[in-house]
Amino acid sequence: MPAYKRILLKLSGEALMGEDAYGINRVTLARIVDEIKAVAGLGVEIGIVIGGGNLFRGMAGAASGMDRASADYMGMLATVMNAMALADAMRQANLHARVQSALNIEQVVEPYIRGKAIRYLEEGKIVVFGAGTGNPFFTTDTAAALRGSEIGADIVLKATKVDGIYTADPKKDPSATRFTRISFDEAIGRNLAVMDATAFALCRDQKLPINVFSIFKTGALKRVVMGEDEGTLVYCQEGLQ
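So, a few notes on the structure that sits alongside this text. Here the structure is a predicted model, which is why all the values come from computation and not from measurement. (Residues numbered from 1 in each chain as written. Predicted model: local features only at pLDDT ≥ 70, side-chain atom pairs only at ≥ 80, totals over all residues. Heavy atoms only, no water.)

Some thoughts on the sheet that holds strand E7 (residues 181–183)
Strand pairing in a sheet relies on backbone hydrogen bonds. The paired strands run either parallel or antiparallel. One open sheet accounts for nine strands, arranged E4-E3-E5-E2-E1-E6-E8-E9-E7; its pairing is mixed. Two strands close off the open sheet at either side, each with one partner strand: strand E4 (110–111) and E7. Helix-sheet contacts for helix H1 (residues 26–40) involve strand E1 (6–11), strand E2 (45–50) and strand E5 (126–130), and the interaxial angle to E2 is about 150°. Packing of helix H6 (residues 140–150) onto the sheet brings it into contact with E1, E2, E5 and strand E6 (155–160), and relative to E1 it is tilted by some 170°. (Pairing = 2+ DSSP bridges. Helix = DSSP H or I, 4+ residues; strand = E, 2+ residues; numbered from the N terminus. Contact = heavy atoms within 4.5 Å. Axes fitted to C-alpha atoms, helices over the stretch in contact; angles between N-to-C directions.)

A few points about the pairing of E6
Within E6, six of the six residues are buried, leaving the element largely enclosed by the surrounding structure. Along E6, one buried face is formed by Ile155, Leu157 and Ala159 and the opposite face, lined by Val156, Lys158 and Thr160, is buried too. The sheet contact formed by E1 and E6 spans four bridges and is parallel. Note on E6: the bridge partner recorded for Lys10 is Lys158. Here E6 pairs with strand E8 (residues 210–214) via five bridges, running parallel. For Val156, the partnering residue across the bridge sits in E8 and is Ile210. (Buried < 20%, exposed > 50% of the residue type's maximum accessible area, 1.4 Å probe, protein only.)

Section: the packing of aromatic side chains
Applying the stated criterion across every chain yields a total of two aromatic pairs. Ring plane angle 75° and centroid distance 5.6 Å describe the contact between Tyr112 and Phe129, whose orientation is recorded as edge-to-face. One end of the pair, Tyr112, is in the loop between E4 and helix H5 (114–122); the other, Phe129, is in strand E5, with 17 residues separating them in the sequence. You can call Tyr112 buried: its relative accessible area is 18%. Given the relative accessible area of 2%, Phe129 is considered buried. (Phe/Tyr/Trp six-rings, centres within 6.5 Å; stacked < 30°, edge-to-face > 60°.)

Thoughts on the pattern of salt bridges
Inspection of every chain in the model, using the stated rule, returns 13 salt bridges. A salt bridge links Glu230 to Lys217; the shortest N-O distance between them is 2.9 Å. You can see Glu230 sitting in the loop between helix H9 (220–225) and strand E9 (232–235) and its partner Lys217 sitting in the loop between E8 and H9, a full 13 residues away along the chain. Note that Arg223 and Glu230 form a salt bridge whose closest N and O atoms lie 2.8 Å from each other. We classify Arg223 as partly exposed; its relative accessible area is 26%. Three or more residues are tied together by salt bridges with common partners; here these are Lys5, Arg6 and Glu45. (Salt bridge = Lys/Arg side-chain N within 4 Å of Asp/Glu carboxyl O.)

Nothing here speaks to function; it is geometry throughout.
In structure tokens:
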């Protein structure tokens, strides 16, 4: 039995690049979809927030010296393109996917409406949330914490390149060890960079646990959802709510 009924998966745009310098690697995208499909097959309701770094990195030169708000809106549009690509790949894998955008671009994708998103999830559809929070100065980590709270997710799953949170950078310190579980308070006390501060504080205040895991480990997403020892679980002191 899955440990969670409804999850919010946070995918970085960089996760879609594979070994490429920027853009979307179709092989990597298909592999990520396979991981998602394995979890959907368990009956788990899935919401996804996706970043835009793989596309916006390619525009970084043009954005250099640009007003921060304008650059952030460009980044939001990049996340919408990624959301559309991910949803299309899921449909090709016979998954029912819907894209909702925090920015109003109704000719392309439907706007984010909380009640409709929850209904889609209850119907077994996967909802991909694009355009972050719809506001500049907020990261897609914060969008993940916000959407996870709004849809009543049981947990936020942050997919990264590393297989959890370590006592130190494992690339620099071979003696670094992975935390299996760590409380929000201890993570703050150790100054561990789990998510950006706004996202982390929102999850803590909403008693919404986080699991940090590697999306590049085959089967890791499913193992997290099944409650196995995969990644690092960040939990509230009072216990999981």
